[in-house]
Amino acid sequence: MPPPTRYDGRVAIVTKDVAYEGSTHYAQGGISAVMSPDDTPADHARDTHVAGDFLCDSRAVDVVCAEGKDAVDRLIEFGAEFTRCENTGELHLAREGGHSKKRIVHAADMTGKEIERALLETAKAHPNVTFYEYHVARDLIVVERPEEDRSEVPEDPKSTWVREEGKGKRGKEKRSGKTSRRVCVGAAITRRVDGAKIDFYAHCVLLASGGAGQLFPSTTNPGVSTGDGVAMAVRAAADVTNMEFYQFHPTSLYTGPGGAPKKAPNENAFLITEAVRGHGGRLFNHAGERFMPRYDQRGELAPRDVVARAIDVEIKRASLVPGAPACVFLDVTHVDAGETLTHFPGIAAELKSRGIDLTKDRVPVTPAAHYLCGGVCVDLDGRSSVEGLYACGETAYTGLHGANRLASNSLLEAVVFAKRAAADSARRVENEKKRESLGLSRSSPLFLAAERAGELAVAAARRAVGREPRRVGRLPRRRRARPAHPHAVAVPERHAHPRQLVAHVVRRRVVAALAEALALLDQRVHAVLVDRVAGVGAARVEQGQGRVTRNFARRLRRWQRQPEAQQGSEDGHVHHFSVVDL
């Protein structure tokens with residue numbers, strides 16, 4: 001087991017299903033890395049650029065290819081057991097489509113399952129890691145943070161315009177040096193067992209929710225791959241790119257007419273790894289012709305997008321022939337049967353359960369949605385455009401894949417960027433804790449939780465009232481009064497304005513929410529609640545004492561002590577508080 005990191009923090013892992021359910025569990029081929037003396041990171045980088053149609057980010061490509069060997073060594077330290085050569089004991093390296101060298105480290109044809117086993121066992125054994133299985137993330141919790149004034153105001157389009165009061169009747173507009181930045185402080189979670197809604201607050205949030213293959217009729221992705229992470233990032237205003245680049249794996253098992261039998265009506269497409277073609281597998285069309293050499297000089301070892309498009313053309317040609325199945329056929333019958341069964345035991349067992357012998361029969365295959373090459377934009381440390389929000393794996397767009405992913409680069413990217421994101425988040429947490437100890441941080445989870453409760457209360461009041469009134473005064477006596485709200489207190493008829501009554505009904509909910517916010521602040525936090533939340537001046541909580549000053553706390557207590565029927569002014573009508581005051 002690797003030595004502990006220098007930051008000993010607490011981690012909550014929230015999963016929609018069981019912890020192992022995800023695309024990693026079903027990854028067959030392997031993890032690509034430069035492990036052989038006759039291979040170099042430059043060769044790996046070149047293959048990656050070619051497969052990505054030269055739309056890859058060269059910085060991300062160089063980082064991932066250079067750190068590939070360290071990533072594999074770290075997985076071995078965690079306990080992952082990869083296939084090794086019987087004679088030498090060295091790692092067995094396979095070759096897949098798009099690779100110019102043998103560099104695929106694998107565990108038979110169940111590499112993802114083995115990597116996930118080792119990582120889950122290590123994580124569950126750590127006392128500071130807690131798993132929350134069968135919990136669904138609804139949304140990210142994001143707050144706005146103003147930037148500090150600077151000596152020189154930059155020409156930033158995100159800068160806000162403010163109106164300076166006291167400069168004549170119309171005021172004077174000026175450019176403000178304060179800009180707004182968005183900070184992710186947690187996630188809103190629903191527990192699937194009972195539907196309970198739970199908010200998780202943290203200094204750092206990492207999205208690793210996989211792709212969105214379930215959006216397509218046929219996909220190799222499991223049922224949990226519904227694009228939740230990207231959707232939450234979009235709602236949080238994080239940068240997202242290249243969503244149009246969705247990779248289709250060329251060889252998933254065909255279960256339509258004339259193909260393999262189905263096990264379930266709505267089953268996912270069963271993947272047949274690209275390593276089968278790297279092992280010598282050949283593709284034939286409905287007429288029994290080997291067709292890939294006509295499309296690319298690399299034949300079956302061309303990148304996935306090339307092979308998938310060629311198969312699509314052949315299937316459309318077959319549609320003109322009566323009775324021809326809508327698929328092509330993968331053949332490894334010419335390869336030694338013993339070697340085939342040794343390298344692909346999982347695939348052979350699955351096909352055998354459907355009545356197909358991998359060593360004797362041609363396997364019907366067709367393209368299926370497989371991998372999202374785009375996603376949440378992150379830098380080389382996994383940071384998104386929203387402060388405190390990280391992403392890695394298929395959810396993230398690191399720039400490694402470009403328009404098409406090179407085979408077995410996905411597991412490598414996930415391991416490299418997960419390590420980088422963990423290191424950067426540890427530095428961020430340490431910095432935040434130092435600021436908290438000095439009383440300078442406005443990003444501590446407790447403070448942000450309290451402020452968030454206040455913001456939600458104000459938003460609820462605005463929605464209920466319909467608009468944000470600056471002042472709710474009495475109406476002229478000549479105006480005809482409208483019917484009173486059924487839940488409002490009795491008021492004189494001349495004051496029964498609907499907006500007043502609705503504001504009164506909403507007010508108790510707002511006060512309750514603000515009381516919850518103040519209770520959170522009482523938990524030995526040293527922070528300042530901003531004016532726009534309290535509305536009546538900053539409420540300061542002294543560390544260790546939980547003492548809230550200013551008039552707001554006294555007014556809140558007095559209001560809570562009053563009976564329902566007496567919560568009005570002395571003359572009988574509702575208090576004229578604006579939403580901003582609350």
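It should be emphasised that the depicted structure is a prediction, and the values quoted were computed from it without experimental measurement.

The rules we used
Residues numbered from 1 in each chain as written. Predicted model: local features only at pLDDT ≥ 70, side-chain atom pairs only at ≥ 80, totals over all residues. Heavy atoms only, no water. Helix = DSSP H or I, 4+ residues; strand = E, 2+ residues; numbered from the N terminus. Buried < 20%, exposed > 50% of the residue type's maximum accessible area, 1.4 Å probe, protein only. Contact = heavy atoms within 4.5 Å. Areas by Shrake-Rupley, 256 points an atom, 1.4 Å probe, with all protein chains shown as cover. Pairing = 2+ DSSP bridges. Axes fitted to C-alpha atoms, helices over the stretch in contact; angles between N-to-C directions. Salt bridge = Lys/Arg side-chain N within 4 Å of Asp/Glu carboxyl O. Parallel < 35°, antiparallel > 145°, perpendicular 65-115°, else oblique. Left-handed = near helix turned anticlockwise from the far one by under 90°. Polar contact = N/O pair within 3.5 Å; in protein donor to acceptor, adjacent residues only side chain to side chain. Phe/Tyr/Trp six-rings, centres within 6.5 Å; stacked < 30°, edge-to-face > 60°. Arc of directions from axis to C-beta. pLDDT = per-residue confidence, 0-100.

Undergrad: In this structure, what is going on with the overall build of the protein chain? I would like to understand it.
TA: Looking only at helices and strands, the protein chain has 15 helices and 20 strands in total. In the protein chain, which comprises 582 residues, the proportion classed as buried is 46%. The contacts in the protein chain between residues at least 6 apart in sequence include a share of 71% that link residues at least 24 apart. Here the protein chain has roughly 29,700 Å² of accessible surface; of this, 50% comes from carbon and sulfur atoms.

Undergrad: Please clarify how the sheet that holds strand β12 (residues 246–253) should be interpreted in this entry.
TA: Strands pair in a sheet through their backbones, by hydrogen bonds, and they do so in one of two ways: parallel or antiparallel. Spatial ordering of the open sheet is given by β12-β15-β14-β13, a layout of 4 strands whose pairing is antiparallel. This sheet does not close on itself; its edge strands, each paired only once, are β12 and β13 (282–284). With direction set aside, neighbouring strand axes in the sheet form an average angle of 45°. Across 6 bridges, β12 lies against strand β15 (residues 363–372) in antiparallel orientation. Bridge pairing in β15 links Leu-253 to Val-365.

Undergrad: What's the story with the pattern of salt bridges in this structure? I'm lost.
TA: If charged atoms from side chains of opposite charge come close, those side chains can pair. The full count for this structure, using the stated rule, is 33 salt bridges. In this structure, Arg-420 engages Glu-67 in a salt bridge whose closest nitrogen and oxygen atoms are separated by 2.8 Å. With Arg-420 in helix α11 (residues 409–437) and Glu-67 in the loop between α2 (58–66) and α3 (68–78), this pair connects stretches of sequence that are 353 residues apart. The partly exposed category is assigned to Arg-420, whose relative accessible area is 22%.

Undergrad: Can you help me understand the packing of helix α1 (residues 41–51) against α2 in this one?
TA: A pair of packed helices is captured by two measures, namely the crossing angle of their axes and the spacing between those axes. At their nearest, the axes of α1 and α2 sit 9 Å apart, and the two run at 135° to each other. Considered as vectors, α1 and α2 are oriented oblique to each other. Seen from above, α1 lies across α2 with right-handed handedness. Of α2, the residues touching α1 (which contributes Pro-41, His-44, Ala-45, Thr-48 and His-49) are Ser-58, Val-61, Asp-62, Cys-65 and Ala-66.

Undergrad: So what exactly am I meant to see when it comes to the sheet that holds strand β18 (residues 396–397) here?
TA: Read from one edge to the other, the open sheet built from 3 strands follows the order β11-β16-β18, with strand pairing classed as mixed. Edge positions in the sheet fall to β11 (240–241) and β18, since each of these pairs with one other strand and no more. Here strand β16 (residues 375–377) pairs with β18 via 2 bridges, running parallel. In the strand pairing of β18, Cys-377 is matched with Tyr-397.

Undergrad: What is the right way to look at the side chain of Ser-36 in this model?
TA: Looking at where Ser-36 falls in the secondary structure, it is placed in the loop between β2 (31–32) and α1. Looking at Ser-36, the relative accessible area reads 19%, which means it is buried. Reaching out from Ser-36, the side chain makes a polar contact with the side chain of Asp-38 at a distance of 2.3 Å.

Undergrad: What is the right way to look at the packing of aromatic side chains in this model?
TA: Here a ring pair, both rings aromatic, is described through the centre-centre distance and the interplanar angle of the planes. Inspection of every chain in the model, using the stated rule, returns 4 aromatic pairs. A ring pair is formed by Tyr-132 and Phe-200, whose centres lie 5.0 Å apart and whose planes are at 85°; its orientation type is edge-to-face. Of the two residues, Tyr-132 sits in strand β5 (residues 129–132) while Phe-200 sits in strand β9 (residues 197–201), which places them 68 residues apart along the sequence. Take Phe-200: its relative accessible area is 17%, and that puts it in the buried class. Look at Phe-216 and Tyr-246: their rings are 4.8 Å apart centre to centre, the planes differ by 55°, and that puts the pair in the tilted class. Within this pair, whereas Phe-216 is found in the loop between β10 (205–207) and α5 (228–235), its partner Tyr-246 is found in strand β12, the two being separated by 30 residues in sequence. Classification of Phe-216 by relative accessible area gives partly exposed; the value is 28%. Put simply, the rings of Phe-216, Tyr-246 and Phe-248 pair up and form one aromatic cluster.

Undergrad: Would you take a moment to explain the environment of Asp-357 for this structure?
TA: Within the fold, Asp-357 resides in the loop between α10 (345–353) and β15. For the pair Asp-357 and Thr-333, spaced 24 residues apart in sequence, the C-alpha to C-alpha distance is 9.4 Å.

Undergrad: What is the right way to read α10 from this model?
TA: Owing to its 3.6 residues per turn, the α-helix brings residues three or four apart onto one side. Every buried residue of α10 is accounted for by Ile-347, Ala-348, Glu-350 and Leu-351. Seen along its axis, α10 keeps its buried residues to an arc of 165°; they face one direction. Looking at the buried positions of α10, the neighbouring elements they touch are β12, α6 (275–278), α9 (337–343) and β15. One or two residues past the end of α10 sits Gly-355, with phi positive at roughly 85°.

Undergrad: Even after reading the chapter, I still don't get the confidence of the model for the protein chain, so can you show me in this structure?
TA: Residues shown with low pLDDT carry predicted positions that ought not to be read at fine detail. Summary statistics for the protein chain give a mean pLDDT of 78 and a share of 68% for residues scoring 70 or more. Scored below 50 in pLDDT, residues 1–5 makes 5 contacts in the model with residues more than four places away or belonging to other chains. Per-residue pLDDT stays below 50 along residues 522–550; that stretch engages in 66 contacts with residues further than four places along the chain or on separate chains.

Undergrad: Just to check I follow, could you spell out unusual backbone geometry for this structure?
TA: Positive phi, normally seen in glycine, also occurs at Ala-108, with a value near 55°. Relative to the helices and strands, Ala-108 is located in the loop between β4 (104–105) and α4 (111–125).

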